[in-house]
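# Residue-level structural notes
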Amino acid sequence: SRPSQEMCIRLLWMNEEDRYSFGVTFHEVKPHDQKRLCMNAPKRLRAPEDAPKAFLGKTPSNFYDPVTVCWTGSSEWKPHCGALWWSPVGLGLQTLQLSEPHVSAMSAEFVNIENVMWVLEPYRLCKPVTGTHWKPFPVGRKNNNTKKRQFRQSSLLNMSTSNFKVKVARHRFEKQKILATYINSELELLTKMCKGRSYNCITWLEKSFSYDMLLNIATNSRLPYSTNAAAMGLVQALYVDRFPQFTHGGGASLPHKLWLFHDATQSEDNDNRKSVTPVLKDKLMLAHEDAFPAFFLPRLSSAYGDPNPVLSHTDHFKFFLLRKLYNDTVNSFGEGGRLIHSDGDFNKLGMAAIHGQQALLLFGFQSTYSKLKELCKPNARLLDGRSDLRSRSGVFNPPESRYKAGGADTEIVLQIKKELIKTFNEVGDLCTNFRLGQFLHLFKEKAMEWTHAECGPEGCDIQTGYFFQPSIGTPVKNNWVSNRPPPKDGEHFDPEDTLDAQYILQATDDAEVAMYQDFEAMFPGGSGEASKLDLKELCNKPDFDVALVDAIMYEDDELMAASLKLLDNIYGQRRLLRGALKDVVLLDRPELP
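A brief report on the enclosed structure follows. (Residues numbered from 1 in each chain as written. Predicted model: local features only at pLDDT ≥ 70, side-chain atom pairs only at ≥ 80, totals over all residues. Heavy atoms only, no water.)

### Considering the overall build of the protein
Using the following cut-off: In this description a helix means any DSSP run of H or I spanning at least four residues, a strand means any run of E spanning at least two, and both kinds are numbered starting from the N terminus. Only protein chains enter the calculation, and the probe is 1.4 Å; a residue is then buried if its accessible area is under 20% of its type maximum, exposed if over 50%, and partly exposed in between. Contact criterion: two residues are considered in contact whenever any of their non-hydrogen atoms come within 4.5 Å of each other. All accessibility values rest on the Shrake-Rupley procedure with a 1.4 Å probe; residue burial counts only the protein chains present in the view.
Helix and strand counts for the protein stand at 21 helices and seven strands. Every one of the 593 residues in the protein was classed for burial, and the buried ones make up 50%. Considering only residue pairs separated by 6 or more positions, the protein has 69% of its internal contacts joining residues 24 or more positions apart. Roughly 29,000 Å² of accessible area belongs to the protein as shown, and the carbon and sulfur atoms make up 53% of that amount.

### Some remarks on helix H1 (residues 2–14)
For the record, the criterion: This arc is built from the directions going out from the helix axis to the C-beta atoms.
Among all positions of H1, only Gln5, Ile9 and Trp13 are buried. In an axial view of H1, the angular spread of the buried residues amounts to 40 degrees, which keeps them on one side of the axis. Those residues of H1 that are exposed and aimed more than 90 degrees away from the buried face are Pro3 and Leu11. In this structure, the buried side of H1 is in contact with helix H2 (16–22), helix H7 (163–194) and helix H8 (199–205).

### What about the pairing of strand S2 (residues 67–70)?
Short version of the rule: Pairing between two strands requires that DSSP report at least two bridges joining them.
Both faces of S2 are covered, namely the face carrying Val67 and Val69 and the face carrying Thr68 and Cys70. Pairing geometry for strand S1 (residues 25–28) and S2, over four bridges, is antiparallel. Its bridge partner being in S2, Phe26 is matched across the sheet by Val69. Two elements, S2 and strand S5 (residues 110–112), share three bridges in a ladder whose sense is antiparallel. Bridging from a neighbouring strand, Cys70 pairs with Phe110 of S5.

### Describing the packing of H7 against helix H10 (residues 225–240)
We apply this condition: Lines fitted to C-alpha atoms define the axes, with helix axes restricted to the stretch in contact, and inter-axis angles between N-to-C directions lie between 0 and 180 degrees. Reported orientations rely on four angle classes, namely roughly parallel under 35 degrees, roughly antiparallel over 145, roughly perpendicular from 65 to 115, and oblique for the rest. Helix crossings get a hand from a simple test, with the near helix turned counterclockwise from the far one by less than a right angle marking a left-handed crossing and a clockwise turn marking a right-handed one.
Across the interface, H7 lies against H10 with an axial gap of 9 Å and an inter-helix angle of 20 degrees. By the angle between their axes, H7 is roughly parallel relative to H10. The handedness of the crossing between H7 and H10 comes out as left-handed. Facing Asn184, Leu187, Glu188, Leu190, Thr191 and Cys194 of H7, the residues of H10 in contact are Ser226, Thr227, Ala230, Gly233, Leu234, Ala237 and Leu238.

### Observations concerning the packing of aromatic side chains
Note the following rule: Any two rings among Phe, Tyr and Trp, with Trp reduced to its six-membered ring, count as a pair given centres within 6.5 Å; such a pair is stacked if its planes are under 30 degrees apart, edge-to-face if over 60, and tilted if neither. Whether a charge sits over a ring depends on NZ of Lys or CZ of Arg being within 6 Å of the ring centre and within 35 degrees of the ring normal.
This model, assessed by the stated rule, comprises 22 aromatic pairs. Ring centres of Tyr211 and Tyr239 lie 5.6 Å apart, and the angle between their planes is 80 degrees; this geometry places the pair in the edge-to-face category. With Tyr211 in helix H9 (residues 211–219) and Tyr239 in helix H10, the pair connects residues that are 28 residues apart, well separated along the chain. No difference in accessibility class separates Tyr211 from Tyr239, as the two residues are buried. Each member of the aromatic cluster is reached from another via a ring pair, and the members are Trp118, Tyr123, Trp134, Phe137 and Phe173. The ring centre of Trp86 lies 3.6 Å from the NZ or CZ of Lys175, which sits over that ring. A cation over a ring is seen here: Lys207 above Trp204, with NZ or CZ 4.4 Å from the ring centre.

### Quick look at the nonpolar core
To be explicit about the condition: By nonpolar core is meant a set of buried Ala, Val, Leu, Ile, Met, Phe, Trp, Tyr and Cys residues that side-chain atoms within 4.5 Å join together.
Ranked by internal contacts, the top residues of the largest apolar core, which has 139 residues, are Phe26, Trp71, Phe209 and Phe544. In terms of residues, this core owes the most to one element, helix H15 (residues 408–455), which gives 17 residues. Core analysis: the next-biggest nonpolar cluster, separate from the first, contains seven residues, Cys70, Leu96, Leu98 and Ala108 among them.

### Digging into the environment of Lys318
Applicable threshold: Distance and chemistry together define a polar contact, namely a pair of N or O atoms within 3.5 Å, with one atom able to donate a hydrogen and the other to accept it when in protein, and with adjacent residues in sequence counting only for side-chain atoms on both sides.
Among the structural elements, Lys318 can be located in the loop between helix H11 (309–312) and helix H12 (320–331). By relative accessible area, Lys318 is classed as buried at 0%. Along the sequence, Lys318 and Leu56 sit 262 residues apart, while their C-alpha atoms lie 5.6 Å from each other. Sequence-distant contacts of Lys318, defined by excluding residues within four places in its chain, comprise Phe55, Leu56, Pro244, Gln245, Phe295, Pro309, Val310, His313 and Phe365. Within the local environment of Lys318, its side chain forms a polar contact with the side chain of Gln245, the two groups lying 2.7 Å apart.

### Observations regarding the pattern of salt bridges
The cut-off we apply is this: Any Lys or Arg side-chain nitrogen located within 4 Å of an Asp or Glu carboxyl oxygen qualifies as a salt bridge.
What the rule picks out here adds up to 20 salt bridges. Glu206 is paired through a salt bridge with Arg242; the nearest N and O atoms lie 3.0 Å apart. One end of the pair, Glu206, is in the loop between H8 and H9; the other, Arg242, is in the loop between H10 and strand S6 (258–260), and 36 residues separate them in sequence. Arg242 sits in the buried class, given a relative accessible area of 6%.

### A word on the sheet that holds S2
Pairing in this open sheet of three strands is antiparallel, and the strands run S1-S2-S5 from one edge to the other. Since the sheet does not close on itself, it has two edges, and those belong to S1 and S5, each with one partner. Across the sheet, the axes of successive neighbouring strands diverge by a mean angle of 40 degrees, strand direction being ignored. Where H9 meets the sheet, its contacts fall on S1 and S2, and the angle it forms with S1 comes to roughly 100 degrees.

### Here's the deal with H12
Basically, it comes down to this: The span expected for a helix works out to 1.5 Å for each residue beyond the first.
In a regular helix each residue adds 1.5 Å, so twelve residues correspond to 16 Å; H12 covers 16 Å between its end C-alpha atoms and thus fits that length. The buried fraction of H12 is high, at nine of twelve residues. Those residues of H12 lying buried are Phe320, Leu321, Leu322, Arg323, Leu325, Tyr326, Asn327, Thr329 and Val330. Considering only its buried residues, H12 is in contact with H9, H10, helix H13 (344–362) and helix H14 (369–383).

All quantities given are derived from atomic positions and should not be read as evidence of function.
Dropping the structure here:
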């Protein structure tokens, strides 16, 4: 709850002394310290040649400042001694002396974050971080006939095989593992403190965790997957799910229920828009930047021109690097982008990336046809359980055994598949909204043709209030319509009622046929632009529906229900569009009536 979040920020973070007493703090090594310490700045997430000109993050070289951690430690730690944990010296870790003004009075010792965290995944990270291969600690006798214990050399400190040194190394390893787990838990706690747009917490924490620092941690291949995932969660809570980002670009729902027939205040670059309500202007085309609801920051926004680029960035390229990180993570699953059930740590990282993709989709940062294809193709491959592996060296035997409910590894796989289906449902809403915009534009063209036919080339000052389409199908009073054209012979209109779509479209038999043909052209197999918005084509997977049938077979009721719902949406696209049309209200002014 919000009171609990703000109580935590008061107790753990607002007071600087408490912050360094209870937690581990994160610090970037500034360039002058890097030069003094002969450190090489890591270079990651290099922007491709077709990258946009402006986005949040390091540009253009993408060098990140190394990250260190600091905590209050003691070389003789014991409970209630006043220190958080064992000092770096007590853990055998190399320390760095940085010119950090915030903690200089504490004589703080800084440690490279990689040197602390690698113990959570020693088999993968020991060689890259320490330079030596990981060899497990001794596990006892080799067999019953062996009189002497067989010890294997520990790579932690390159020690001899003496019992005492191995015991010391093992204890240090376990202590360091506790510290690394604590750091991950702290990142997860800070994320929960910011959830739900808790702006007091966000304001305090963004001072300590810059966007670049969190991207650095999230992209660091020399850190455990669990740490990468925790950084992904925190960057989403601190920088994505916050003002000025709004769901569906600030619209009430998707598909949109309110559309503007015409907006005289709109400029070509959208800067002077007074409303986020979509406008029926040019016919929507998939190649256009405004084909789908996209994030933009108008000049009228309080964030426009703010010195903080997190607030003032104006277009949907804002989180380009973050979107690239999420897509790269999903593409790197297992063998050829397939789910490996035994890779629990990486699967948790993949879940964090999928949640990030959903957030960017929701806030209008996956807003072009090409971005949707980049999103859908790897996600569809993950969803298809027929390609899943039991482990990196083994398949499911028999294949049907993957459907069985299992332990924690199976649970995270089921969660991934449910989240992927949720993503595809949101993509489906975007596709329906595109078709809706195209069909309403067709309605506008027919309405304008009728206006010219009834009033002559000079027009007759007809207000677009005529074109209200009530969402519940009942008459809606329209008190601002003036200069109504005279009714045709034999027709009579109540001056207080809104004209309906049938009169506007002059629905003759030929018009009905033409309307039906335009409607059908928007769906798979049709000739219209919107026919490309089929999940099978977006995913480049003709058997996408078969993958959903496979998902139904898992022993999980929620996954089965989600799969059936998505199948229903795929084969009920016409029904979804007709339902959206019934809910639409056309407005003649940016202000709501």
